[in-house]
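Residues per chain, in single letters:
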Amino acid sequence: MASLWRVGTKLTLLASVLGGGGAAALIATSDDPATALNLSITIPRRLFADAVAAANIVFDYEYSLWGIPEGSTEREKMKHEVHLRSAEKLRDLCFKNGGIYIKLGQHIGQLEYLVPKEYVQTMRESMLNRCPVSSYEQICNVFKKEFGETPDKVFAEFDPVPIASASLAQVHVARTHDGQKVAVKVQHSHMTETAAADQATVELIVNTLHNFFPSFDYRWLIDEIKESLPQELDFLTEAKNSERCLENFRKLSPHIANYVYAPKVYWNLSSSKLLTMEYIDGAYVNDVKTIKKLGIRPHELSILVSQTFAEMMFKHGFVHCDPHAANLLVRPLPSSKASILGWRKPQLILLDHGLYKELDFNTRTNYAALWKALIFADADAIKEYSTKLGAGEDLYALFAGVLTMRPWNRVVDPSMDHLVIQGSQSELSELQMYASEYFHEISELLRRLPRVILLMMKTNDCLRAVNNTLIHGSHLETSLKTSCIIGRVSSEAVTAAKMSQSKSVLTWFSIKLDNILLEIQIWKIKMALWLLQLRKALPWSHRAS
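Note that this is a predicted model, so its numbers are computed, not measured.

As a further point, take the packing of aromatic side chains. Inspection of the entire model under this criterion finds 9 aromatic pairs. Between Phe143 and Phe155 the ring centres are 6.2 Å apart and the planes differ by 80°, which places this aromatic pair in the edge-to-face class. With Phe143 in helix H6 (residues 136–147) and Phe155 in the loop between helix H7 (151–154) and strand E1 (157–158), this residue pair connects regions lying 12 residues apart in the sequence. Here the aromatic cluster, defined as three or more aromatic residues joined through ring pairs, consists of Tyr136, Phe143, Phe147, Phe155 and Phe158. Positioned above the aromatic ring of Tyr279, the side-chain terminus of Lys181 is 4.2 Å from the ring centre. The ring of Tyr261 has Arg331 lying over it, and the distance from NZ or CZ to the ring centre is 5.1 Å.

Shown next, in the form of structure tokens:
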């Protein structure tokens, strides 16, 4: 127990010493003493709060579980209670500090394969819809710095109450002087002042905890934030990303280009901290009730979401890496008419283009080949391409399991069932058991993989959460249709890569053979789907079940 008090004491002393020394140096060397003074107060306070929270969580685990036998029912019950308390402490700390801390909390909410379910549920329930809101005065200060005017001068109308708030910015509805309704994304004012300091603070805490507890290794997550945050804080980069994304669909995926959209950017009313976009009415992709009211079938939207991101990852090599529910809207396709039954085709609206990742040719091709192998349960190819992507020959099976959220025996199961995630409580419990059993191996895998693959995994996690909401009640049919799409898109990407590298007769024959085998595999999936639908349609099948 004494060692725990030493951990807490060291963390607290470290926060005080570094905070005090850093503050003096900052004020002495700064060209802006007022801002430096503000930071010298903010940074030590946050560092101290972080250290105390980390020590508190560590102490709670050790004290609460002290002397309770491993594997006992009592220990499992107590562990659940500590997980819940600790998750709530971490959530409160993230909200108190804001900015980067909320980004960190959002990411933890996607790590079903690594952290206990209490953390996942707590972060998911709060991090997407309860972000801090900047005051109107703070918004006015950002406008004055960027445009030299307050919002009511820049726009004919400006609603001071935001319609949405996220970790880095909030969105207001406005109307331009020529009458256009727009959405104005304004960066939280404190982000410019504290982003670098918060990043350093989080890094210090994570590294300190790793030194005391080597199994706690989240340094890979800090590396990811370091690389991605500057991109997300520059809204002009975000605007360019949104236009490039749509251009990629028009050039490389014209067959679905009309079904994917991003709001038009008003460049004359945008800057690095302010982004003015076309205002779009739509439903969030996890709002199934509203989606149905719009005349859109949720399972059809799920298929469109999967195809959109498959095209990005396997063909474009330019991927939106933050597709959580708050960043995806849907509306009826403007050019479509309702069917006889009243259903409309969906159009997916992509928001928040701050975090994109480019995949080089080899990474994109190997990732496509891996997903092709996963869809068609090709164990040898899974091993080959997992190894090429950095998992190594010892952790390739674990990598496949993390990507698909299935144990290895189901990943390589040749039956159609291996393509389906039921989303049942028993299956979620099984995944949590694997996460606990292979915690160290998963941590090593995440440390080993390139950051670009970590971001693809994060994207995969976000899409899984979205699709699980949309396909509730029709898992098998939708999973089979989605598998057909992912199998086809990934195969087309692999074929295109082969053609670009060699145009020999031998390559041509190899591609033709691959295409034949692909069509056979997809035909099997479609037959399984047809038999399922036939069985559902037969009246006696319902009586039998």
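So much for the structure itself; the text now carries on.
Summed over the entire model, instances satisfying the criterion amount to 23 salt bridges. The salt bridge involving Arg297 is made with Glu300; its shortest N-O contact spans 3.3 Å. Accessibility expressed as a relative area gives 31% for Arg297, which makes it partly exposed. A relative accessible area of 17% places Glu300 in the buried class. Note that Glu384 and Lys388 form a salt bridge whose closest N and O atoms lie 3.3 Å from each other. Of this pair, Glu384 and Lys388 both sit in helix H14 (residues 379–388), 4 residues apart, which is roughly one turn of that helix. Glu384 sits in the partly exposed class, given a relative accessible area of 37%.

With that settled, the discussion passes to unusual backbone geometry. Backbone geometry places Asp352, a non-glycine residue, at a positive phi of 55°. Checked against the element boundaries, Asp352 lands in the loop between strand E10 (346–350) and strand E11 (356–358). Phi at Ala377 is positive, roughly 55°, even though this residue is not glycine. Its place among the elements puts Ala377 in the loop between helix H13 (361–375) and H14. For Ala377, a relative accessible area of 15% gives the class buried.

Most of strand E3 (residues 169–175) is tucked away, with 6 of its 7 residues classed as buried. Across 2 bridges, strand E2 (residues 164–165) lies against E3 in antiparallel orientation. Bridge pairing links Ala164 to Val171 in E3. Two successive antiparallel strands, E2 and E3, enclose a turn made up of 3 residues. Both E3 and strand E4 (residues 181–187) contribute to a ladder of 7 bridges, which runs antiparallel.

In spatial order, the strands read E5-E10-E9-E7; together these 4 strands make up an open sheet with mixed pairing. Looking at strand neighbours, the two that pair on one side only are strand E5 (260–261) and strand E7 (283–284), the edges of this open sheet. As defined by bridge partners, E5 adjoins E10 across 2 bridges and the pair is classed as parallel. By the bridge assignment for E10, Val260 is matched with Leu348.

Further remarks concern the packing of helix H12 (residues 298–316) against helix H19 (residues 451–470). Packing of H12 against H19 brings their axes to within 9 Å, and their N-to-C directions diverge by 170°. Relative to H19, the element H12 is oriented roughly antiparallel. Across the interface between the two elements, Pro298, His299, Leu301, Ser302, Val305, Ser306, Phe309 and Met313 from H12 touch Met456, Thr459, Leu463, Asn467 and Leu470 from H19. Broken down by class, the residue content of the contact of H12 with H19 amounts to 8 nonpolar, 5 polar and no charged.

Next up on the list: the environment of Leu236. Position of Leu236 among the secondary structure elements: in helix H10 (residues 235–252). Between the alpha carbons of Leu236 and Ser270 there is a distance of 7.3 Å; along the sequence they are 34 residues apart. Setting aside anything within four residues of it in sequence, one finds Leu236 in contact with Trp267, Ser270, Ser271 and Ser272.

Along the chain, the position of Gln187 falls in strand E4. At 2.8 Å, the side chain of Gln187 forms a polar contact with the backbone oxygen of Leu233.

The subject of this paragraph is a nonpolar patch on the surface. Taken together, the side chains of Leu513, Ile516, Leu517 and Ile520 make up a nonpolar region of the molecular surface, amounting to roughly 370 Å² of accessible area. Relative to the assigned elements, Ile516 resides in helix H21 (residues 505–537).

This brings us to the pairing of E10. Within E10, 5 of the 5 residues are buried, which leaves the element mostly enclosed by the surrounding structure. Burial along E10 is two-sided: the face carrying Pro346, Leu348 and Leu350 and the face carrying Gln347 and Ile349 are both buried. Note that strand E9 (residues 328–332) and E10 share 5 bridges and pair antiparallel. Bridging from a neighbouring strand, Arg331 pairs with Gln347 of E10.

Before going further, it helps to spend a moment on the state of the cysteines. Overall, the coordinates contain 0 disulfides when judged by the stated rule. Cys321 supplies the cysteine sulfur nearest to Cys462, a cysteine that is in no disulfide, at a spacing of 9.2 Å. Looking at Cys462, the relative accessible area reads 2%, which means it is buried.

Okay, H19 next. If you check H19, its first and last C-alpha atoms are 29 Å apart, about what 20 residues at 1.5 Å a residue would give, namely 28 Å. Burial analysis of H19 places 16 of its 20 residues in the buried class, the great majority of the element.

Mapped onto the elements, Asp461 comes out in helix H19. With a relative accessible area of 2%, Asp461 lands in the buried category. Spatially, the C-alpha atom of Asp461 lies 9.5 Å from that of Thr404, the residues being 57 residues apart in sequence. Polar side-chain contacts of Asp461 include one of 3.2 Å to the side chain of Arg464.

The predicted model of the protein has a mean per-residue pLDDT of 81, with 80% of residues at 70 or higher. When the elements of the protein are averaged for pLDDT, helix H1 (residues 2–29) gives the smallest value, 44, and E5 the largest, 98. Scored below 50 in pLDDT, residues 1–31 shows 37 contacts in the model against residues more than four places distant or in partner chains.

Rules used throughout
Residues numbered from 1 in each chain as written. Predicted model: local features only at pLDDT ≥ 70, side-chain atom pairs only at ≥ 80, totals over all residues. Heavy atoms only, no water. Phe/Tyr/Trp six-rings, centres within 6.5 Å; stacked < 30°, edge-to-face > 60°. Helix = DSSP H or I, 4+ residues; strand = E, 2+ residues; numbered from the N terminus. Lys NZ or Arg CZ within 6 Å of the ring centre and 35° of its normal. Salt bridge = Lys/Arg side-chain N within 4 Å of Asp/Glu carboxyl O. Buried < 20%, exposed > 50% of the residue type's maximum accessible area, 1.4 Å probe, protein only. Pairing = 2+ DSSP bridges. Axes fitted to C-alpha atoms, helices over the stretch in contact; angles between N-to-C directions. Parallel < 35°, antiparallel > 145°, perpendicular 65-115°, else oblique. Contact = heavy atoms within 4.5 Å. Nonpolar A, V, L, I, M, F, W, Y, C, P; charged D, E, K, R; others polar. Polar contact = N/O pair within 3.5 Å; in protein donor to acceptor, adjacent residues only side chain to side chain. Patch = residues over 30% accessible without salt bridge, like charges linked within 9 Å, V, L, I, M, F, W, Y side chains within 5 Å. Areas by Shrake-Rupley, 256 points an atom, 1.4 Å probe, with all protein chains shown as cover. Disulfide = S-S within 2.5 Å. Expected span 1.5 Å × (residues − 1). pLDDT = per-residue confidence, 0-100.

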